[in-house]
Amino acid sequence: MFKKVCAIFLSFVIAFGFTLSSSLESYAYSRQKLNKSMQETAALMYKTIPEPVVASIGGEWTVLSLARSGIKVPKKYYEDYYKRVEKTVKDAKGILHRMKFTEYSRVILALTAINKDVTDVGGYNLLSYLSDFDNVKKQGINGPIFALIAFDAGNYDIPIDKKASVQTTRQGIIDFILDKEIHKGTSKAGGWALSGTDPDPDITFMAIQSLANYMDQKEVKKAVDRALKIMSKKQLSTGGYNSWGTENCESTAQAIVALTALGIDIDTDSRFIKTDKKGNKNTLMDGMMQFYCKGGGFAHVNEGYDGGGGSGTGLNAMATDQGMYALDAYYRYINGKKKLYDMTDASQTLAIGNNPDLEKKPNNNNNGNNGNNNQNTNQGNRNNGNTNSNINRNTGNKNVKTDNQGNKKYTSNVGGKKVTTTENKSATISIKTIYSGEKDGLIPENKKCVIIQFEKKEKEQIVGFKVSEKKQQYLYYSKELSKKSGCATYIALFDTSVEKEALLNMDNYAFHKIQKEDNNTDQVITDVTDSKNKDQQQEDYTHPEKYEITFGDVNNDKVVNAQDILDVQSILSGKLDLTDERQIIAINVSMDSKIDNGDINQIMDNFVSKKDYTIFEVFSDKKDDKDSNNKSSDKENTSNKTSKDSQKEDIKQND
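This section reports on the structure supplied with the text. Computed from a prediction, not measured in an experiment: that's the story for all the values here.

Moving on, we get to the overall build of the protein chain. What the protein chain contains, in helices and strands, is 22 helices and 15 strands. Counting every atom, the protein chain has about 28500 Å² of accessible surface; 46% of that belongs to carbon and sulfur.

This next bit is on unusual backbone geometry. Positive phi is not limited to glycine here, since Asn115 has a value of about 65 degrees. The topology assignment puts Asn115 in the loop between α5 (102–113) and α6 (133–136). In this structure Asn115 comes out as partly exposed when scored by relative accessible area, which is 46%.

A word on the state of the cysteines. Throughout the structure, instances matching the rule amount to zero disulfides. Free of any disulfide, Cys293 has its nearest neighbouring cysteine sulfur in Cys249, separated by 8.8 Å.

On to the packing of aromatic side chains, then. All told, the structure shown has 19 aromatic pairs when counted by the stated rule. Here Tyr77 and Tyr78 contribute two aromatic rings whose centre-to-centre distance is 5.9 Å and whose plane-to-plane angle is 75 degrees, an arrangement assigned as edge-to-face. The exposure class assigned to Tyr77 is buried, which follows from its relative accessible area of 5%. A connected cluster of aromatic rings, assembled from ring pairs, spans Phe454, Phe465, Tyr477, Tyr490, Phe494, Tyr509 and Phe511. Cation over ring: Lys116 sits above Tyr82, and NZ or CZ is 5.1 Å from the ring centre.

Right, let's get into the nonpolar core. Residues Leu109, Leu111, Trp192, Met288 and Tyr341 are the most contacted members of the largest nonpolar core, which totals 102 residues. It is helix α13 (residues 317–334) that provides the largest number of residues to this core, a total of 10 residues. The next biggest cluster of nonpolar side chains, apart from the first, holds 36 residues, and it includes Cys449, Leu481, Ile584 and Ile595.

This paragraph deals with the side chain of Ser570. Topologically, Ser570 is positioned in helix α18 (residues 562–572). Setting aside its immediate chain neighbours within four residues, Ser570 contacts Met318, Lys575 and Leu576.

Moving on, we get to the pattern of salt bridges. All told, the structure shown has 19 salt bridges when counted by the stated rule. Between Arg170 and Asp152 there is a salt bridge; the shortest N-O distance is 2.8 Å. Remark: Asp152 occurs in helix α7 (residues 142–153) and Arg170 occurs in helix α8 (residues 170–179); sequence separation between them is 18 residues. For Arg170, a relative accessible area of 21% corresponds to the partly exposed category. The closest approach of N and O atoms between Asp225 and Lys221, which form a salt bridge, is 2.8 Å.

This paragraph deals with the side chain of Ser65. Within the secondary structure, Ser65 sits in helix α3 (residues 60–67). Since its relative accessible area comes to 0%, Ser65 is described here as buried. Within the local environment of Ser65, its side chain forms a polar contact with the backbone oxygen of Trp61, the two atoms lying 2.7 Å apart. Side-chain polar atoms of Ser65 contact the backbone oxygen of Asp321, separated by 3.2 Å. When neighbours within four sequence positions are excluded, Ser65 is seen to be in contact with Met45, Asp321, Met324, Tyr325 and Asp328.

Turning our attention to the pairing of strand β10 (residues 462–468). Sheet topology places β10 next to strand β11 (residues 471–474); four bridges connect them, and they run antiparallel. The residue bridging Phe465 from the neighbouring strand is Gln473, located in β11. Taken together, β10 and the strand that follows it, β11, pair antiparallel across an intervening segment of two residues.

Right, let's talk about the packing of α3 against α5 for a bit. Helix-helix packing is characterised by the crossing angle of the two axes and by the distance between the axes. For the pair α3 and α5, the least separation of the axes is 9 Å and the interaxial angle reads 30 degrees. Compared by their axis directions, α3 and α5 come out roughly parallel. You can see that α3 and α5 cross each other, and the crossing is left-handed. Contacts from Glu60, Trp61, Val63, Leu64 and Ala67 in α3 reach Arg106, Val107, Leu109, Ala110 and Ala113 in α5. Tallied by class, the residues present in the contact of α3 with α5 amount to eight nonpolar, no polar and two charged.

Here we take up the environment of Lys233. One can find Lys233 in helix α10 (residues 218–234). Linking Lys233 and Arg271, residues 38 residues apart in sequence, is a C-alpha distance of 8.4 Å.

Look at α5: 16 Å from first C-alpha to last across 12 residues, which is about the 16 Å you get at 1.5 Å a residue. In terms of burial, α5 is largely enclosed, as 12 of its 12 residues are buried. Of the positions making up α5, those classed as buried are Thr102, Glu103, Tyr104, Ser105, Arg106, Val107, Ile108, Leu109, Ala110, Leu111, Thr112 and Ala113. Among the structural elements, α3, α4 (75–91), α7 and α14 (346–349) are those in contact with the buried residues of α5. One or two positions beyond α5, positive phi appears at Asn115, with a value near 65 degrees.

On to the packing of helix α9 (residues 201–211) against helix α11 (residues 249–261). Contact pair α9 / α11: the axes reach a minimum separation of 8 Å and the direction vectors enclose 20 degrees. It follows from the interaxial angle that α9 and α11 lie roughly parallel. Regarding α9 and α11, the two cross each other, and that crossing is left-handed. Residues Pro201, Asp202, Phe205, Met206, Ile208 and Gln209 of α9 lie in contact with α11, whose contacting residues are Glu250, Ser251, Gln254, Ala255, Val257, Ala258 and Leu259. Grouping the constituent residues of the contact of α9 with α11 by class yields eight nonpolar, three polar and two charged.

Rules and cut-offs
- Residues numbered from 1 in each chain as written.
- Predicted model: local features only at pLDDT ≥ 70, side-chain atom pairs only at ≥ 80, totals over all residues.
- Heavy atoms only, no water.
- Helix = DSSP H or I, 4+ residues; strand = E, 2+ residues; numbered from the N terminus.
- Areas by Shrake-Rupley, 256 points an atom, 1.4 Å probe, with all protein chains shown as cover.
- Buried < 20%, exposed > 50% of the residue type's maximum accessible area, 1.4 Å probe, protein only.
- Disulfide = S-S within 2.5 Å.
- Phe/Tyr/Trp six-rings, centres within 6.5 Å; stacked < 30°, edge-to-face > 60°.
- Lys NZ or Arg CZ within 6 Å of the ring centre and 35° of its normal.
- Core = buried A, V, L, I, M, F, W, Y, C linked by side-chain atoms within 4.5 Å.
- Contact = heavy atoms within 4.5 Å.
- Salt bridge = Lys/Arg side-chain N within 4 Å of Asp/Glu carboxyl O.
- Polar contact = N/O pair within 3.5 Å; in protein donor to acceptor, adjacent residues only side chain to side chain.
- Pairing = 2+ DSSP bridges.
- Axes fitted to C-alpha atoms, helices over the stretch in contact; angles between N-to-C directions.
- Parallel < 35°, antiparallel > 145°, perpendicular 65-115°, else oblique.
- Left-handed = near helix turned anticlockwise from the far one by under 90°.
- Nonpolar A, V, L, I, M, F, W, Y, C, P; charged D, E, K, R; others polar.
- Expected span 1.5 Å × (residues − 1).

This is the structure we're talking about:
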């Protein structure tokens, strides 16, 4: 009651311009800044995500952020989103994913935020998919955390599932989360993580968000208090948080959502106010707003924290979503409204209507990394492959010549670049299928990962595999594998329908090499085995980095660092979609047909101590790897090696 009176008084003072004490002046300014930041970010989201879909980026979190902000959004925006959700659910016959059950939790949260019935979405009750606890916990602790948040968002009853191995209950979820506390039962107990024994701010604060409604339970309060004590110590002098050594927007955003859910005043609680070297006292809002981009939205990290790769220092889709709903959480707290995830007020507080401010062009000139997947969130123009769909495909005039060896050469223009095409079929091929996807896994079941060696070809060429008469699939050149094998080595995900014989047939490959002319412009030399089809699919080969891969480099910024671990964590936790085949290959360094915490551990060991990945063991015995006397020899060798660390983490996350 006292807090509400203070808020009313403060609003009165601001409205009439009274002189305040220095502390209240700061608070008044932060409120004005908050309103402006929310308006700008809402306008940015509305313009850049015009058609949200079922997705972790450009989907539910955007809808939820707008819906819980109290900012007016045209009714059509939400209604059209619901229609797309309904179609997605119907087309999938209710099965959004067989492993990532956070997909259901995320959709439930968004639909609840816009006051839709989650028990009948195209005839499917989304809550029912969370009723089998064995399914809910397939992702480890993250699944139960968001299932509980989703159930509580609308104060939903959990459906009874007579076929469930273990019936999901609220208390069962709570007990599971409490049991996963790091160092539980010891003097070091406190906090949570996806893996390892170091409390991670993201997962810890998410766990607190889920437990916030159950602080009347003695064990819950003790666990939360222990976590808060540790998180207070981990807070940086900037007011923010880091994960895996990288200070970032999202970790701080989760802290704001968690503390406001507990009713903690982040402006005054001394546990979460830190002093920097200049003597400035910084709150969590200070920590998060350092990532705010002029004109709206948030960056993932600031310069100096990206490992030198530039990843995430510009406008970032995931950071913007989480930053925005953290602003919502803070706004709702200081205005005495229900907390972010208590959506029982949605029917009264959802703001619907025309809003001219949303139609304004966002004043944001920061065209940086809008999502670490480099994913275009406009669904009608999304390019999920690794080729540039906006290339100028002007083929121009073609000239045909014959060289001294009798090989045909073709000259044309691609994207304004000179292209020379040469016929050449000499090479020896060795292949190894190292893993295949599994049902319900993050690696598609219809895909197999193949390593291909060309023993008589130059290294660092761009190689295309002829999938059809009009389409090539590009392989990824690996300097690491080439060094291990001693010859040009590539890796790619192929459909399982692609036969071994096709992969061993040199006629199915085209080779493209980048060269520099005297005037430093790029010249592309292309060796095409089937010249009749050379102009069926034109591609800009002047950017070879599109066709290279570094294991562990998930965001393809040429640096393996903590950002890559954060990206894998986001993928495993369902915050980030995995749509890029290069990402799949780069992540699965443990070569065990799965993407899991074992890969996180190996990536961390690699950039910390330069420890080799398991995938390099495929070349541990070079004598067996190739047979130079057998042209196009079949050295296919399916390997399902699993590191001990990966096995341990798999057990830990699925017990």
